[in-house]
Amino acid sequence: MESALDWHTARALLEWQWELGVDEAISDTPVDRFAYETALKEQARAKAAQMPQADAPPARAPQIDPVEEARKAANAARDLPGLRAALAGFEYCDLKKGARNLVFSDGVPGARVMIIGEAPGRDEDLQGKPFVGRAGQLLDKMLAPVGLSRKENVYISNVLPWRPPQNRDPKPDEIAMMQPFLQRHIALANPDLLVVVGNISCQALLGKRGITRLRGHWDQVGDRPALPMFHPAYLLRNPGAKREAWADILELAAKLEVIV
Ligand code: URA
């Protein structure tokens, strides 16, 4: 750009600016430094407004409802292998972390009788099958005289598919989380009737406790007849109760004769 100033005037002006402290030529157009500073402050204020305050509640991560997740996973299963896979992939139950194996079922899928126990113990955890320890052996011995066996005509599972640490009782939230899987398991196995062994199973399936009072009396799970029975582990500790357990086995056999 051609200057209107002559060389000497321009130099005098430059020297004057130099004396004032100007040491850098930045732009041909003037910069309003006051407006620039105001804009910077405005920017800082806007940024601060977006940042979480120290005393403000932390931003909430989306809440996951494990029971709802269980329901979605269970209901998406179209058959028993699909349900097993859904359980194997379910990551919301902490019991899974401490267990060696998923204990899904044993016996004959589609059998008329489905037995529901409580939770795997040590032997079941090791083998990945329900009722394979001492209690399971007693259960097999009780079923055999009436022609029932897991090799031929009985299907077996548990309320919980993973062993609780130190065989402690399952907690209500663990039962609630596994409930959709249990219900789906029953629906897909589709037995004529259920045998519900022990208090935990009665609580989970019938919403009732008090096995001494409940045992031997037919109840319903949905529209399926369900017979509460003493848990075989209880019978090992209280052999005197085997007499009542035997009466319940006979009751089971009689029912199978009636509902063809
Ligand atoms: N007790 C149960 O309730 N289930 C098993 O699988 C083993 C012991």
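Residues numbered from 1 in each chain as written. Predicted model: local features only at pLDDT ≥ 70, side-chain atom pairs only at ≥ 80, totals over all residues. Heavy atoms only, no water.

Concerning the sheet that holds strand E2 (residues 113–117)
Across the sheet, which stays open at both edges, the six strands sit in the order E1-E3-E2-E4-E6-E5 with mixed pairing between neighbours. This sheet does not close on itself; its edge strands, each paired only once, are strand E1 (106–107) and strand E5 (219–221). Judged from the four bridges that link them, strand E4 (residues 193–197) and strand E6 (residues 224–229) form a sheet pairing that is parallel. The residue bridging Leu194 from the neighbouring strand is Ala226, located in E6. Contacts between helix H8 (residues 172–189) and the sheet are confined to E2, strand E3 (154–158), E4, E5 and E6, with E2 contributing the most and set at about 165 degrees to the helix. (Pairing = 2+ DSSP bridges. Helix = DSSP H or I, 4+ residues; strand = E, 2+ residues; numbered from the N terminus. Contact = heavy atoms within 4.5 Å. Axes fitted to C-alpha atoms, helices over the stretch in contact; angles between N-to-C directions.)

Side note on the site of the ligand
Around the ligand lies a shell formed by Gly117, Glu118, Ala119, Glu124, Pro130, Phe131, Asn158 and His231. The side chain of Asn158 places a nitrogen or oxygen atom 2.8 Å from an oxygen atom of the ligand. In the environment of the ligand, an oxygen atom lies 2.7 Å from a nitrogen or oxygen atom belonging to the side chain of His231. Taken by itself the ligand offers 240 Å² of open surface, and the protein chains cover 92% of this. (Near = heavy atom within 4 Å. Polar contact = N/O pair within 3.5 Å; in protein donor to acceptor, adjacent residues only side chain to side chain. Areas by Shrake-Rupley, 256 points an atom, 1.4 Å probe, with all protein chains shown as cover.)

Some remarks on the packing of aromatic side chains
Taken as a whole and assessed by the stated rule, the structure comprises three aromatic pairs. The lysine or arginine in question, Lys255, covers the ring of Trp218, its NZ or CZ lying 4.8 Å from the ring centre. (Phe/Tyr/Trp six-rings, centres within 6.5 Å; stacked < 30°, edge-to-face > 60°. Lys NZ or Arg CZ within 6 Å of the ring centre and 35° of its normal.)

A few points about helix H9 (residues 199–206)
Because each turn of an α-helix spans 3.6 residues, side chains separated by three or four positions in sequence point in the same direction. Of all eight residues in H9, six are buried; the element is thus mostly enclosed. Among all positions of H9, only Ile200, Ser201, Cys202, Ala204, Leu205 and Leu206 are buried. The secondary structure elements touched by the buried residues of H9 are E2, H8, E4, helix H10 (211–214), E5 and E6. (Buried < 20%, exposed > 50% of the residue type's maximum accessible area, 1.4 Å probe, protein only.)

Focus on unusual backbone geometry
The residue Gln166 is not glycine, and still its phi comes out positive at about 55 degrees. Position of Gln166 among the secondary structure elements: in the loop between E3 and H8. For Gln166, a relative accessible area of 73% puts it in the exposed group. For Asn190, which is not glycine, the phi dihedral falls at a positive 50 degrees.

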